[in-house]
Amino acid sequence: MTEARWIRPLAQLWMVLILACLYIPIMSVVLASFANTRYMRFPHKEWTTDAYIEALSSPTTWDIHLISFQIALSAVLISVVLGTLGAMAYARYDWRGRSLFQRILVLPIFFPQPVLGLALLLTFSALGVTPTWKTAVIAHLVWIVPIVTLVISIRLFGYDVAQEEAAMDLGASRWQVMREVTLPQLWPGIFSGSLFAFLLSWSNLPLSIYTTGIDNTLPVWLFTRTATNYSPLVPSVAVIGTVVSAFVVIALVAARLVARKLMRAG
């Protein structure tokens, strides 16, 4: 009984320590953004929001966020389509070569991303393709599509095909079955895969640094400015990027909840 009394406080303390390890580095970035010196030190002699004013008034801030958003949105749309089709082939149907397909599908996940980025850069150079944000989309898809496919396939493993057969017995066409039965059942997996795709693409550095060319993304800009010309502008832009990504995720979750309520009401 005495041991059980100590387990709960220790578990709570352990959880607090884990959360502290996760969020204290983020808070240090927020605190650094209010400095007025180029050097990382704390406490600040003077607290100021000049870095945020400079960041919001700089075209570069908007450009790097727009490029990152273009890449992430493109990666989400394409990876969801390819991931859904791949998941159905991966988890639902039994066909010759399926085992080999499964192995090849997950292989890019185990490659170190810098090595994968370098390989793609050499491939683009050999083909005479100039790296831009569009080539970065391809690079991100090579790594993200397998992850999205696995996420959606988890939903498919618990999917009962008899629901489709019952709908077809009742006279539904294949398109109606796909729209009214299959996709609603897969929607939780598709939504989760979309969130994974957006966050992984938005924050990706190893692939982007090799394949974006002159089109700087947010992670690439943060890395280069931290390494070569650090100032409080860097953490302020990082905070803005974190707020933007959090807003996108919250908006998607809210949209899903609204859509679920509308479907139940209908």
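**Details of the overall build of the chain**
The helix and strand tally for the chain stands at 11 helices and 0 strands. Overall, the chain shows an N-to-C arrangement of helices and strands of α-α-α-α-α-α-α-α-α-α-α. Over its C-alpha trace the chain gives a radius of gyration of 23 Å, far above what one expects of a compact globule, namely 18 Å for 266 residues. A principal-axis box enclosing the C-alpha atoms of the chain has dimensions of 75 × 70 × 40 Å. Relative to its 266 residues, the chain shows a buried fraction of 37%. Just so you have it, the chain exposes about 16500 Å², and 70% of that area is on carbon and sulfur atoms.

**Quick notes on the side chain of Thr-135**
With respect to the element layout, Thr-135 can be found in helix α6 (residues 133-157). For Thr-135, the side chain forms a polar contact with the main-chain oxygen of Thr-211, separated by 2.5 Å. Not counting chain neighbours up to four residues away, the residues in contact with Thr-135 comprise Phe-124, Val-129, Thr-130 and Thr-211.

**Observations concerning helix α2 (residues 50-57)**
Turning to α2, its buried residues are Ala-51, Tyr-52 and Ala-55. Looking straight down α2, one finds its buried side chains confined to an arc of 95 degrees; they lie on one side. Those residues of α2 that are exposed and aimed more than 90 degrees away from the buried face are Ile-53 and Ser-57.

**Some points on the packing of aromatic side chains**
Throughout the structure, instances matching the rule amount to 5 aromatic pairs. Taken together, a centroid distance of 5.4 Å and an interplanar angle of 45 degrees make the contact between Phe-34 and Tyr-52 tilted. You can see Phe-34 sitting in the loop between α1 (2-32) and α2 and its partner Tyr-52 sitting in helix α2, a full 18 residues away along the chain. Seen from their ring centres, Phe-198 and Trp-202 are 5.7 Å apart, and the 20 degrees between their planes marks the pair as stacked. In this pair, Phe-198 and Trp-202 both sit in helix α8 (residues 174-202), 4 residues apart, roughly one turn of the helix.

**A closer look at the nonpolar core**
If you look at the biggest cluster of nonpolar residues, it comprises 48 residues, and the most contacted ones within it are Leu-222 and Val-237. Secondary-structure elements contributing two or more residues to this core are α2, α3 (59-91), α5 (113-127), α6, α8, α10 (218-228) and α11 (233-265). Looking at which element gives the most residues to this core, the answer is α6, with 12 residues. Setting aside residues up to four positions removed in sequence, Val-237 forms contacts with Ala-55, Thr-61, Ile-64, His-65, Leu-218, Trp-221 and Leu-222.

**Quick notes on a nonpolar patch on the surface**
The grouping of Trp-6, Leu-10, Leu-13, Trp-14, Met-15, Leu-17, Ile-18, Leu-19, Leu-22, Tyr-23 and Ile-26 at the surface amounts to a nonpolar patch, some 1200 Å² of accessible area in total. Among the structural elements, Leu-13 can be located in helix α1.

**Details of the confidence of the model for the chain**
Averaged over every residue, the pLDDT of the chain is 83; the share at 70 or more is 94%. Averaged pLDDT values for the elements of the chain fall to 73 in helix α7 (residues 162-169) and rise to 90 in helix α9 (residues 208-211).

**Side note on the packing of helix α4 (residues 98-110) against α6**
One way to put it is that α4 packs onto α6 with a least axis distance of 8 Å and a crossing angle of 125 degrees. Here α6 runs oblique to α4, going by the angle between their axes. Judged by the sense of rotation from one axis to the other, the crossing of α4 with α6 is left-handed. For the pair α4 and α6, contact is made by Leu-105, Val-106, Pro-108 and Ile-109 and by Val-142, Trp-143, Pro-146, Ile-147, Thr-149 and Leu-150, respectively. Counted by class, the contact of α4 with α6 contains 9 nonpolar, 1 polar and no charged residues.

**Quick word on the environment of Ile-147**
Positionally, Ile-147 belongs in helix α6. We classify Ile-147 as buried; its relative accessible area is 16%. Taking the C-alpha atoms as reference, Ile-147 lies 25 Å from Phe-223; in sequence the two are 76 residues apart.

**Points about the environment of Leu-156**
Position of Leu-156 among the secondary structure elements: in helix α6. Assessed through its relative accessible area of 5%, Leu-156 is described here as buried. In the structure, Leu-156 is positioned 74 residues away from Tyr-230 in sequence and 47 Å away in space, judged by C-alpha atoms.

What counts, and where the lines are drawn
- Residues numbered from 1 in each chain as written.
- Predicted model: local features only at pLDDT ≥ 70, side-chain atom pairs only at ≥ 80, totals over all residues.
- Heavy atoms only, no water.
- Helix = DSSP H or I, 4+ residues; strand = E, 2+ residues; numbered from the N terminus.
- Rg over C-alpha atoms; globule rule 2.2 N^0.38 Å.
- Buried < 20%, exposed > 50% of the residue type's maximum accessible area, 1.4 Å probe, protein only.
- Areas by Shrake-Rupley, 256 points an atom, 1.4 Å probe, with all protein chains shown as cover.
- Polar contact = N/O pair within 3.5 Å; in protein donor to acceptor, adjacent residues only side chain to side chain.
- Contact = heavy atoms within 4.5 Å.
- Arc of directions from axis to C-beta.
- Phe/Tyr/Trp six-rings, centres within 6.5 Å; stacked < 30°, edge-to-face > 60°.
- Core = buried A, V, L, I, M, F, W, Y, C linked by side-chain atoms within 4.5 Å.
- Patch = residues over 30% accessible without salt bridge, like charges linked within 9 Å, V, L, I, M, F, W, Y side chains within 5 Å.
- Salt bridge = Lys/Arg side-chain N within 4 Å of Asp/Glu carboxyl O.
- pLDDT = per-residue confidence, 0-100.
- Axes fitted to C-alpha atoms, helices over the stretch in contact; angles between N-to-C directions.
- Parallel < 35°, antiparallel > 145°, perpendicular 65-115°, else oblique.
- Left-handed = near helix turned anticlockwise from the far one by under 90°.
- Nonpolar A, V, L, I, M, F, W, Y, C, P; charged D, E, K, R; others polar.

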